[in-house]
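# Coordinate analysis (summary)
What follows is each chain in one-letter form.
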Amino acid sequence: MGSKGSKTKGTAADRRAKIEELRRAEKARERRYRIITITSVTVIVAGLAVGGYFLVDASDKKDEKEAKVTSSVVRTGEFKGMKTWKNLGRTHVQGTVEYAMSPPVGGNHNQVWQNCNGDVYTKPLTKENAVHSLEHGAVWVTYTDKASKEDVEALTARVKKTPYSLMSPYQEQDSPIVLNAWGNQLDVQKASDPRVADFFKKFVQGKQTPEPGAYCTNGKTS
């Protein structure tokens, strides 16, 4: 009888020990699970934060790029109607040249430039000499007999006070007044057009100049 009771007590103790061991193992698994879960969530949140940064950064750069594009359009809008030409010839030649535009704003030209140190001419110029002046960074103002006396006087005053500019009559053009720089041309109707001042500011010795700083004196005078 005593032996049987002792055996029963031992079996119960073993069961309790086994249950306790299982509970400890379960708690250990729960701790590991919590650690894994917390770590995973932390990684995901960090990834989302970094990804969000790059998305915001990319968005900001896109907005910045679009803003630059918009501002460049506004700058171009100052010269609405302006025509431009690229890859114009620059060879010195003798005789006449057939130009693709009238007045010409670039192309092969005479080796002697027209004086353009604020020079105002009352007679038409030889195109090939005037084009050489544009190559030096001058703005050439041309006008027809349809331009009013007041406009001619206003443009004359502007040219005379502006180095690297010249002015002359030119009947073979559609507009009463045309502003010419190397590769660029703008028709205007009146000297009071605000684009006149903008054109001078942008193109007198502007970035379009093939030979910046070249002489506008010691050339042809008539």
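Our structure is the block above this text.
Residues numbered from 1 in each chain as written. Predicted model: local features only at pLDDT ≥ 70, side-chain atom pairs only at ≥ 80, totals over all residues. Heavy atoms only, no water.

### Some remarks on the nonpolar core
- Core analysis: the biggest nonpolar cluster contains 37 residues, and Val 139, Val 141, Leu 179, Phe 199 and Phe 200 have the highest contact counts within it.
- Of all elements in the fold, only helix H2 (127-135), strand E3 (139-143), helix H3 (149-160), strand E4 (165-169), strand E5 (177-181), strand E6 (184-188) and helix H4 (194-203) reach the threshold of two or more residues within this core. (Core = buried A, V, L, I, M, F, W, Y, C linked by side-chain atoms within 4.5 Å. Buried < 20%, exposed > 50% of the residue type's maximum accessible area, 1.4 Å probe, protein only. Helix = DSSP H or I, 4+ residues; strand = E, 2+ residues; numbered from the N terminus.)

### Focus on the layout of surface pockets
- The calculated volume of the second largest pocket comes to roughly 200 Å³.
- In terms of lining residues, the second largest pocket is bounded by Met 82, Thr 84, Trp 85, Lys 86, Asn 87, Leu 88, Trp 182, Gly 183, Asn 184, Lys 202, Phe 203 and Gln 208.
- When grouped by side-chain class, the residues that make up the lining of the second largest pocket number 5 nonpolar, 5 polar and 2 charged. (1 Å grid on protein atoms, 1.4 Å probe; cavity = no way out; pocket = protein on both sides within 12 Å on 5 of 7 lines; lining within 4 Å. Points joined across faces, edges and corners; volume = space filled by probe spheres on them. Nonpolar A, V, L, I, M, F, W, Y, C, P; charged D, E, K, R; others polar.)

### Topic: the pairing of E4
- In terms of burial, E4 is a largely internal element, 5 of the 5 residues being buried.
- Side chains Ser 165, Met 167 and Pro 169 of E4 all project onto a buried face; the interleaved residues Leu 166 and Ser 168 project onto the opposite face, where all are buried too.
- Two elements, strand E2 (residues 117-120) and E4, share 3 bridges in a ladder whose sense is parallel. Bridge assignment links Val 120 to a residue of E4, and that residue is Met 167.
- Pairing between E3 and E4: 5 bridges, direction parallel. Of the residues in E4, the one forming a bridge with Tyr 143 is Pro 169.
- Crossover handedness for the path E3 to H3 to E4: right-handed. (Pairing = 2+ DSSP bridges. Right-handed = clockwise from strand over helix to strand, strands pointing away.)

### Section: the pairing of E3
- Most of E3 is tucked away: 5 of the 5 residues are buried.
- Residues Val 139, Val 141 and Tyr 143 point to one face of E3 and Trp 140 and Thr 142 to the other, with burial holding for every one of them.
- Across 4 bridges, the pairing between E3 and E5 is antiparallel. Bridging across to E5, Val 141 finds its partner in Leu 179.

### Describing the packing of aromatic side chains
- Within this structure, the stated rule accounts for 2 aromatic pairs.
- Geometrically, the ring pair formed by Trp 140 and Tyr 170 is edge-to-face, given 6.0 Å between the ring centres and 85° between the ring planes. Note that Trp 140 is positioned in strand E3 and Tyr 170 in the loop between E4 and E5, a separation of 30 residues in sequence. Comparing Trp 140 with Tyr 170 shows no difference in burial state: the two are buried.
- On the numbers, 4.6 Å between centres and 50° between planes, the contact of Phe 199 with Phe 203 is tilted. Taken together, the positions of Phe 199 and Phe 203, both in helix H4 and 4 residues apart, correspond to about one turn of that helix.
- Exposure remark for Phe 199: the relative accessible area of 0% places this residue in the buried category.
- Residue Phe 203 is classed as buried on the basis of its relative accessible area of 4%.
- Here Arg 158 stacks its cationic end above the ring of Phe 200, 5.5 Å away from the centre of that ring. (Phe/Tyr/Trp six-rings, centres within 6.5 Å; stacked < 30°, edge-to-face > 60°. Lys NZ or Arg CZ within 6 Å of the ring centre and 35° of its normal.)

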